[in-house]
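Structural description and commentary
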Amino acid sequence: DIDKIPYDDARTYEMLGHGDTVGVFQLESSGMRDVLKKMRADCIEDIIAIVALYRPGPMDNIPRYIACKKGEEQPDYLHPLLEPILKETYGIMVYQEQVMQIAQVLSGYSLGQADLLRRAMGKKIKAEMDAQKADFVKGATVRGVDGAQADYIFELVQKFAGYGFNKSHAAAYAVVSYQTAYLKANYPVEFIAASMTLDMGNTDKLMLFRREAQRVGVKVVPPSVNASGVDFAVKD
């Protein structure tokens, strides 16, 4: 039952850490495999972050995320109030929801106002942004945050928000990525047979999966008039 699989399966994370992701949803490009090898993901939050970060713009933050995860660099939370919001992403703004939480916690925005801020940042309308900046800094100073620091945080948030990804979307993708990886790690023969059946009309993908089968020691035998079914099937 795919809804009852554990999200801490060691075999799955070990496979991801080796970049063995041919056929794994969202994670099979060569660039993504390289990131997985460097990151050594060990929780679903890492996969959510990878899905959100692996795009033009946010991609520049991947080396820092990995360095902080491995303890080679210290996260910068910008202000103590922001640590609970940015802790899971090592001080890096990855999600639009974090932008909304920062405005809420630092400057006293309601969630409705924070959503308007997020949308304004996405549109990049200068007059709107100037008004938002004044409100953000004013709200932060009322809460005892230094004005110059609030100004600096707003500029960082604004820079990020132009290409921020919403976590709800990244999480939904990451769950399917993990489920696919779990099946490959724990049922490799069935996974390859199912993947080849899915791409039966695509000879390039079939060749890719056949090579993958050979790499992991799974034998792909020729069609047999006596034994073959309509789809690729697991024998014995």
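Residues numbered from 1 in each chain as written. Predicted model: local features only at pLDDT ≥ 70, side-chain atom pairs only at ≥ 80, totals over all residues. Heavy atoms only, no water.

**Here's the deal with helix α12 (residues 203–215)**
Compared with an ideal rise of 1.5 Å per residue, which puts 13 residues at 18 Å, α12 spans 18 Å between its outermost C-alpha atoms and is within 8% of the ideal. Turning to α12, its buried residues are L206, F209, E212 and A213. Projected down its long axis, α12 shows its buried positions confined to an angular sector of 120°, all on one face. Turned more than 90 degrees away from the buried face of α12, the exposed residues are T203 and D204. At its buried positions, α12 is contacted by α10 (167–186) and α11 (188–198). The backbone nitrogen of D204 has a side-chain oxygen 3.1 Å away, supplied by the residue at the start of α12, namely N202. (Helix = DSSP H or I, 4+ residues; strand = E, 2+ residues; numbered from the N terminus. Expected span 1.5 Å × (residues − 1). Buried < 20%, exposed > 50% of the residue type's maximum accessible area, 1.4 Å probe, protein only. Arc of directions from axis to C-beta. Contact = heavy atoms within 4.5 Å. Polar contact = N/O pair within 3.5 Å; in protein donor to acceptor, adjacent residues only side chain to side chain.)

**Considerations on the packing of aromatic side chains**
To describe a pair of aromatic rings, you give the distance between the ring centres and the angle between the ring planes. Scanning all chains against the criterion turns up seven aromatic pairs. Consider the rings of Y65 and Y90, whose centres lie 5.0 Å apart with planes at 90°: the pair is edge-to-face. On the criterion of sequence distance, the pair formed by Y65 in helix α4 (residues 62–69) and Y90 in the loop between α5 (83–86) and α6 (96–107) is long-range, its members being 25 residues apart. The pair formed by Y65 and Y90 is uniform in burial state, with each residue classed as buried. What links up through ring pairs into an aromatic cluster is the set Y7, Y13, Y178 and Y182. (Phe/Tyr/Trp six-rings, centres within 6.5 Å; stacked < 30°, edge-to-face > 60°.)

**As for the layout of surface pockets**
Approximately 680 Å³ is the volume attributed to the largest pocket. Lining the largest pocket we find 21 residues, and of these V220, V221, F232, A233 and V234 sit closest to its centre. Considered class by class, the residues forming the lining of the largest pocket number 15 nonpolar, three polar and three charged. As a volume, the second largest pocket reaches approximately 350 Å³. Tallying contributions element by element places helix α9 (residues 147–161) first for the lining of the second largest pocket, with four residues. (1 Å grid on protein atoms, 1.4 Å probe; cavity = no way out; pocket = protein on both sides within 12 Å on 5 of 7 lines; lining within 4 Å. Points joined across faces, edges and corners; volume = space filled by probe spheres on them. Nonpolar A, V, L, I, M, F, W, Y, C, P; charged D, E, K, R; others polar.)

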